[in-house]
Amino acid sequence: MTEPRTIVITGAGTGIGAACARLYAAEGAHVVLIGRRREPLEQVARETGGVVLVGDAACPQTWDGFIAQIRQRYGRLDVLLACAGGHGLGSATDTSPQTWEAALRSNLDSAFYSARACLPLLLESAGNIVLMGSIASLAAGPEVCGYTTAKHALLGLNRSLARDYGPRGVRVNAVCPGWVRTPMADEEMQPLMDFHGETLQHAYDRVCADVPLRRPASAEEIARVCRFLASSEASIITGATLVADGGASIVDVPTLAYAHLEQRDE
């Protein structure tokens, strides 16, 4: 009988992290749920049977206790899903030192310290790391300097980890979603809802109007992408960036004026 895999998920209380926890738990894996807020983690734990560890994934001292508990309880670790993240709003001149530091801490430091802490156990199991990037890892949105910078840097971390630890059996990959229906994205729809006087669904329709698939992803869809990268089916893939954005990043932006002209003629 195959021993259940142990999956550590940061940012596990909501959104993509919670969807990953549900997906893996349904397949019989042990899920370790890490985040800063206890209440949403415990809700996911009730659904998945997961173990809740409350703390900041960007704090290296916190990880000392986390790893000790994981090793004592399960004796192994197979996959780290680094889903923790946060905002980083504002142009460079509008970004305070505190906002800049918070953006790097939540989006980059959390991934680095999570990976660094989990690698000793992952080396024992020839395990996997999946880092949660963003379409902002590939292009810049308006006035999100801290977030864009941190998510771009995350791809450098992905490649460095893959190069250094691939020879020792650990694969590392990144997923870059576009819009995903999560509580964080719902918050980002609010300015559009306020300005246009429209519903949340209409706001999502608006931001996806020029995306080839014309819709945001669900958190469950991105969770399945993460599962693929950490599975034996992806055994030759490491250091890769898998873009899961409905085609948003393939659009030639300067030609959108022509597409909009055609739509007006219809």
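Look up a bit, the structure's there.
Residues numbered from 1 in each chain as written. Predicted model: local features only at pLDDT ≥ 70, side-chain atom pairs only at ≥ 80, totals over all residues. Heavy atoms only, no water.

### Side note on the nonpolar core
Put simply, the test is: Residue types Ala, Val, Leu, Ile, Met, Phe, Trp, Tyr and Cys, when buried and joined through side-chain atoms within 4.5 Å, form a set referred to as a nonpolar core. Partly exposed describes any residue whose relative accessible area lies between the buried limit of under 20% and the exposed limit of over 50%, with all areas from a 1.4 Å probe on protein chains only and scaled to the type maximum. Under the DSSP-based scheme used, a helix requires at least four consecutive residues in state H or I and a strand at least two consecutive residues in state E, with every element numbered from the N terminus. Two residues qualify as a contact provided that any one of their heavy atoms is within 4.5 Å of a heavy atom in the partner residue.
Counting 34 residues, the largest nonpolar core has Val8, Trp63, Ile129 and Leu131 as its most contacted members. At eight residues, the largest contribution of residues to this core is made by helix H4 (residues 97–125). Ignoring any residue separated from it by four or fewer positions in sequence, one finds Ile129 in contact with Leu80, Ala115, Leu119, Leu122, Arg171, Val172 and Asn173. With 33 residues, the next largest nonpolar core counts Leu23, Ala29, Ala217 and Ile222 among its residues.

### Concerning the side chain of Lys151
Test applied: The positive count covers Lys and Arg only, the negative count covers Asp and Glu only, and His and the chain ends enter neither. Salt bridges are defined by distance alone: a side-chain nitrogen of Lys or Arg within 4 Å of a carboxyl oxygen of Asp or Glu.
Within the secondary structure, Lys151 is located in helix H5 (residues 145–165). Glu188 is the oppositely charged side chain nearest to the buried, salt-bridge-free Lys151, at an N-O distance of 10 Å. Discounting chain neighbours no more than four positions away, the residues touching Lys151 are Asn107, Met132, Gly133, Ser134, Ala136 and Ser137.

### Comments concerning the pairing of strand E6 (residues 171–177)
Quick note on the threshold: Between any two strands, at least two bridges found by DSSP are needed for them to pair. With its strands directed away from the observer, a crossover is right-handed exactly when the path from the first strand over the helix to the second travels clockwise.
Within E6, seven of the seven residues are buried, leaving the element largely enclosed by the surrounding structure. Bridge analysis of strand E5 (residues 128–132) against E6 gives five bridges, and the strand direction is parallel. Across the sheet, Met132 pairs through a bridge with Val175, a residue of E6. After leaving E5, the chain enters H5 and then returns to the sheet as E6, a path that is right-handed.

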